[in-house]
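Observations on the three-dimensional arrangement
In case you want the letters, here they are:
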Amino acid sequence: MTELKKLSEARDLMRIERIGAHSHIRGLGLDAGLEARAVSEGMVGQCAARKSAGLILSLIKEGKIAGRAILLAGQPGTGKTTVAMGLAKSLVAETPLATVFASEIFSLEMSKTEALTQAFRKAIGVRIKEEAEIIEGEVVEISIDRPAAVAGSSAGHFSSKTGKLTLKTTDMESVYELGGKMIEALGKEKVQSGDVIALDRASGKATKLGRSITRSSDYDATGPSTKFVRCPEGELQKRKEVVHCVALHEIDVINSRMQGFLALFTGVTGEI
Ligand SMILES: Nc1ncnc2c1ncn2[C@@H]1O[C@H](COP(=O)(O)OP(=O)(O)OP(=O)(O)O)[C@@H](O)[C@H]1O
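Residues numbered from 1 in each chain as written. Predicted model: local features only at pLDDT ≥ 70, side-chain atom pairs only at ≥ 80, totals over all residues. Heavy atoms only, no water.

1. Notes on the side chain of Arg50
You can see Arg50 is positioned in helix α2 (residues 47-61). No salt bridge is formed by the buried Arg50; its nearest oppositely charged neighbour, Glu41, is found at 7.1 Å. Side-chain polar atoms of Arg50 contact the backbone oxygen of Gly45, separated by 2.5 Å. Residue contacts for Arg50: discarding those within four places in its chain leaves Leu28, Gly29, Leu30, Ala36, Arg37, Ala38, Met43, Val44 and Gly45. (Helix = DSSP H or I, 4+ residues; strand = E, 2+ residues; numbered from the N terminus. Buried < 20%, exposed > 50% of the residue type's maximum accessible area, 1.4 Å probe, protein only. Lys, Arg positive; Asp, Glu negative; His and termini not counted. Salt bridge = Lys/Arg side-chain N within 4 Å of Asp/Glu carboxyl O. Polar contact = N/O pair within 3.5 Å; in protein donor to acceptor, adjacent residues only side chain to side chain. Contact = heavy atoms within 4.5 Å.)

In structure tokens form, the structure reads like this:
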């Protein structure tokens, strides 16, 4: 199920997490008694502030501080944003952390009300559960045809490619026609024969679950990150529950696009 959760990450369609000044923060670094450890989860020192934030954290978890605000005050660069981020990371992994810059509020392009509304909606995350049709199996063969480049189009244009993907489980084997979108997704994941993959037909997402155990002796040069998994059993096509975690602002952005909100769930074409 943990592998399948990966498929549900709709957020990477829209949000790119860049390495920044706060990327090393993974939590508040507190022990079970909410005391701050000297060095933990990317945090160093500032034990009193972290302990206080831990108190707020327990109030949030108990649902006793809804609708209230906390003001952190201090000299520039003393770790106010860091504590806020540690707090967000200590809640569930998908807790959104929205930052607002003064230049966004005092902007000629956007009204102050709009900028603040967006900031609030960026800070509210929702979980959307849906049942998705997933194809899960071991890759027997993958072949991609690259037609000769047409004048005027870029040579590596994905949509002009077609291909075939043979997948098997312990009980069955099937050949699927591949569309441009899925070829791109498989290419990104560097899928090759012997990999066990899960394909989300609707969103055109491919997830590599690992290499099949039966192929473990094929290569002697496998990295430490190579995970060996069993070839799936039963039907290739399965219905699984997928959870999308999105901020209200992201739903607003999708809604303002041509395809609308359904673009989150449905693919553009019927092919996989
Ligand atoms: N306790 C800490 N442990 C580890 N890194 C820290 C800690 N406090 C601050 N930092 C790091 O110091 C830098 C500045 O911290 P931060 O941006 O949180 O300060 P700030 O008070 O929000 O600043 P400003 O007032 O300018 O917004 C960041 O790179 C942050 O990761």
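Past the structure itself, the notes keep going.
2. A word on the site of the ligand
By nearness alone, 15 residues border the ligand, and Val44, Gln46, Lys80, Thr81 and Thr82 come closest of all. Note that a nitrogen atom of the ligand is positioned 3.3 Å from one of the side-chain N or O atoms of His24. Between the ligand and Lys80, the relevant distance is 2.7 Å, taken from an oxygen atom to a side-chain nitrogen or oxygen of the residue. When isolated, the ligand has an accessible area of 630 Å², and the protein chains bury 70% of it. Of all the elements in the fold, those that place two or more residues in the shell around the ligand are β2 (43-44) and α3 (80-90). Its residues placed into classes, the shell around the ligand shows 4 nonpolar, 10 polar and 1 charged. (Near = heavy atom within 4 Å. Areas by Shrake-Rupley, 256 points an atom, 1.4 Å probe, with all protein chains shown as cover. Nonpolar A, V, L, I, M, F, W, Y, C, P; charged D, E, K, R; others polar.)

3. A word on the pairing of strand β3 (residues 125-145)
Taken together, the 11 bridges between β3 and strand β9 (residues 237-247) define a ladder with antiparallel strand orientation. Bridged to Ile128 within β9 is His244. Pairing of β3 with strand β6 (residues 195-200), which is carried by 5 bridges, proceeds in the antiparallel orientation. Its bridge partner being in β6, Glu138 is matched across the sheet by Val196. Relative to strand β4 (residues 162-168), β3 runs antiparallel, the two sharing 7 bridges. Bridging from a neighbouring strand, Ile144 pairs with Gly163 of β4. (Pairing = 2+ DSSP bridges.)

4. With respect to the nonpolar core
One broad rule of soluble globular proteins: the nonpolar side chains tend to lie buried together. Leu165, Leu167, Met182, Leu186, Ile197 and Leu199 are the most contacted members of the largest nonpolar core, which has 15 residues in total. Counting residues per element, the ones that place at least two in this core are β3, β4, β5 (173-178), α6 (180-188) and β6. Considering every element that reaches this core, the biggest residue donor is α6, with 4 residues. If sequence neighbours within four positions are ignored, Leu186 has contacts with Ile142, Leu165, Leu178, Val191, Ile197, Leu199 and Ala206. Grouped together as the second largest cluster of nonpolar side chains are 12 residues, Ala53, Ile56, Met85 and Leu87 included. (Core = buried A, V, L, I, M, F, W, Y, C linked by side-chain atoms within 4.5 Å.)

5. With respect to the environment of Val100
Inspection of the secondary structure puts Val100 in the loop between α3 and α4 (102-105). When the C-alpha positions of Val100 and Gln118 are compared, they lie 9.6 Å apart, and in sequence the two are 18 residues distant. Not counting chain neighbours up to four residues away, the residues in contact with Val100 comprise Ile105 and Ala119.

6. Let's talk about unusual backbone geometry
Working note: non-glycine residues mostly have negative phi, and peptide bonds are mostly trans. With phi around 60°, Leu34 is a residue other than glycine that occupies positive phi space. Looking at the element boundaries, Leu34 is found in the loop between α1 (2-7) and β1 (39-40). Note on Leu34: relative accessible area 25%, which makes it partly exposed. Not every positive phi belongs to a glycine, and Gln46 is a case in point at roughly 45°.

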